[in-house]
Amino acid sequence: MLAGNCQRSKCNPAYSNAGCLFPSQRLRVLLKMLVSGRYAAKYLLLIALPLLAALMPQTSSALPSYARQTGLACQTCHTIGFGPALTPYGQNFKLNGYVWGDASSLPPVAFMQVSSFTNTQKGQDGGAAPHFSPNDNFAADQTSLFYGGRIYDKLGAFIQTTYDGVAQRLSWDNFDLRYANRATIAGHALVYGGTLNNNPTVQDLWNSTPAWSFPYQSSPLAPTPAAAPLIEGALAQQVAGVTAYGMLDNLLYLESGVYRSLPSRLQSRLGVGPGGESPIQGEAPYWRGALQRSFGPVYASLGTFGMSARLKPGGDGSAGGDRYTDLGFDATAQWQLDGINAFNGNATYIHELQRLDASHALGLSANPANHLNSFRLNAAYVWKQTVSFSAGYFDINGSSDGGLYAPGAIGGSASGSPGSSGYLYQLEYVPFGKFDSWARPWANVRLGLQYTEYTRFNGGRINYDGAGRNAGDNNTLYLFVWTAF
């Protein structure tokens, strides 16, 4: 998935760990591997195949459809060549329903593929995933087919279907169908509309909310923290939501709506696999508000978002339900330094209140009530929309609960604490996607080197799981090749 291939929590079925901060190994170890006979040929092949595919002339209609529809280069909507991070123009394109432009009459279809190499500082006994080694794994992370663009007049969509190469499963992915229109009220410009989507915040315009937050692409083969707020992806692809929104004078944005869990049979048909999830009882309200403004070359936004949901833990409603209330605050900044170089930054804080009456009665949690906090901060310098260096910090903390966060090898917590923190660094090279790029918009390649360092994992630094594993053992080096046609 574009928002990250994240594993479901081993401790709490309500969580899916979609905050997606995946660890890494030391850089010098990777460099030794790349020049060694053991890995060099395989890794060069990993890069060469999708790169050559991207450079070949294409006759299919599977193309980066938004760029083709508008006739603009990817850099118009994205802060670097191509990828999820949006410029103010890209935000407005999404706000207005993905319908701008008439540069192409071809169907708005696109194709994406991500291949990778993952190395953790210490291997995972039994394999990083079924059919994978304990360490040093090459993978075809995901292959996705998109419908992205106008459907009719003021109706457009972002629809993604993905084959997960690690789980070896085909399923629907992010879905955002939206209608948008314009009006003038007492001299004030209003863009208003509605969305039907399957992942809270996937419809959002800013890269500070969970569905499209940094690092955008992460390893599906590295250990991840046991805890994350509900809104950080635990409901992704399991729900359907309808929200209405409005942007007044390109300044004030407001949105609200509700989400419901999809029936288990429908989820199975869509490839989601609902086993073990905690479905919503009734409807879960969602809200979003933001202020944005440009000051010459500087764009900034400040907002809040959240949702409240009553869940049946593990699908068992015999003891009633658990109440999760997430309240988030976010801020973004983009600074165009000289028209071609830029600085981008995002910050997010989420406070979650958990009323676990059902889980406590069923013996799944030690406490009847908990709280959880998630803080993420990242910044990037982009050179000529071609090379990007990003750095981020993350911290998850909250109530200790030996029922939710029990001891267990790699994914457990000896202290019963959800606390995890660390740093993430990423270097990316995007050679295409500019106005003067060769074969625009046909060729799109994103090469990335990502390193995550854990200072704390599941409540501890040393022997955090009770089985002898340290937080630093989960540090992961992740190299990826991301292509789109």
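Residues numbered from 1 in each chain as written. Predicted model: local features only at pLDDT ≥ 70, side-chain atom pairs only at ≥ 80, totals over all residues. Heavy atoms only, no water.

In this section: the packing of aromatic side chains. All chains considered together, the criterion is met by 16 aromatic pairs. On the basis of an interplanar angle of 80° and a centroid distance of 5.9 Å, the ring pair of Tyr259 and Tyr286 is categorised as edge-to-face. Here Tyr259 is found in strand E7 (residues 252–261), whereas its partner Tyr286 is found in strand E8 (residues 284–295), with 27 residues between them in sequence. The exposure classification of Tyr259 matches that of Tyr286, with both residues buried. Clustering of aromatic rings is evident, with ring pairs tying together Phe394, Tyr454, Phe457 and Tyr464. (Phe/Tyr/Trp six-rings, centres within 6.5 Å; stacked < 30°, edge-to-face > 60°. Helix = DSSP H or I, 4+ residues; strand = E, 2+ residues; numbered from the N terminus. Buried < 20%, exposed > 50% of the residue type's maximum accessible area, 1.4 Å probe, protein only.)

We now examine the pattern of salt bridges. The final tally for this structure, using the stated rule, is nine salt bridges. Across the pair Arg456 and Asp395 runs a salt bridge whose closest N-O atoms are separated by 2.8 Å. Placement of Arg456 in strand E15 (residues 444–456) and of Asp395 in strand E13 (residues 387–398) is noted, with a sequence separation of 61 residues between them. Of the residues examined, Arg456 reaches a relative accessible area of 25% and is grouped as partly exposed. In this structure, Glu428 engages Arg446 in a salt bridge whose closest nitrogen and oxygen atoms are separated by 2.5 Å. With Glu428 in strand E14 (residues 420–429) and Arg446 in strand E15, this pair connects stretches of sequence that are 18 residues apart. (Salt bridge = Lys/Arg side-chain N within 4 Å of Asp/Glu carboxyl O.)

As defined by bridge partners, strand E9 (residues 298–311) adjoins strand E10 (residues 322–336) across 14 bridges and the pair is classed as antiparallel. For Leu302, the partnering residue across the bridge sits in E10 and is Ala331. Pairing of E10 with strand E11 (residues 342–355) involves 14 bridges; the strand directions are antiparallel. Of the residues in E11, the one forming a bridge with Ala333 is Gly345. (Pairing = 2+ DSSP bridges.)

Next up on the list: a nonpolar patch on the surface. Together, Leu248, Leu251, Leu252, Leu254 and Leu291 make up an exposed nonpolar region whose accessible area comes to about 400 Å². Relative to the assigned elements, Leu251 resides in the loop between strand E6 (239–248) and E7. Owing to a relative accessible area of 38%, Leu251 belongs among the partly exposed residues under this scheme. (Patch = residues over 30% accessible without salt bridge, like charges linked within 9 Å, V, L, I, M, F, W, Y side chains within 5 Å. Areas by Shrake-Rupley, 256 points an atom, 1.4 Å probe, with all protein chains shown as cover.)

The next point concerns the environment of Asp322. Its location among the elements puts Asp322 in strand E10. Its relative accessible area of 2% is what places Asp322 among the buried residues. Each C-alpha atom, one on Asp322 and one on Gln354, is 7.2 Å from the other, the two residues being 32 residues apart in sequence. Leaving out residues up to four positions away in the same chain, Asp322 has contacts with Ala309, Arg310, Leu311, Pro313, Arg355, Leu356, Asp357, Ala358 and Ser359. Among the polar contacts listed, one links the side chain of Asp322 to the backbone nitrogen of Asp357, at a separation of 3.4 Å. One polar contact links Asp322 to Ser359, side chain to side chain, over a distance of 2.4 Å. (Contact = heavy atoms within 4.5 Å. Polar contact = N/O pair within 3.5 Å; in protein donor to acceptor, adjacent residues only side chain to side chain.)

A separate point is unusual backbone geometry. In most cases, non-glycine residues show a negative phi, while peptide bonds are predominantly trans. Along the chain, Phe214 connects to Pro215 via a cis peptide bond; the corresponding omega equals 20°. For Pro215, the position within the fold is in the loop between strand E5 (188–197) and E6. Positive phi values are uncommon outside glycine, yet Ile410 reaches one of about 70°.

Here we take up the nonpolar core. Membership of the largest hydrophobic core comes to 22 residues, with the highest contact counts inside it found for Leu230, Ile280 and Met307. Sorting elements by how many residues they give to this core places E9 first, with four residues. Counting residues in each nonpolar core, the second largest holds 13 residues, with Phe93, Met112, Phe158 and Phe480 among its members. (Core = buried A, V, L, I, M, F, W, Y, C linked by side-chain atoms within 4.5 Å.)

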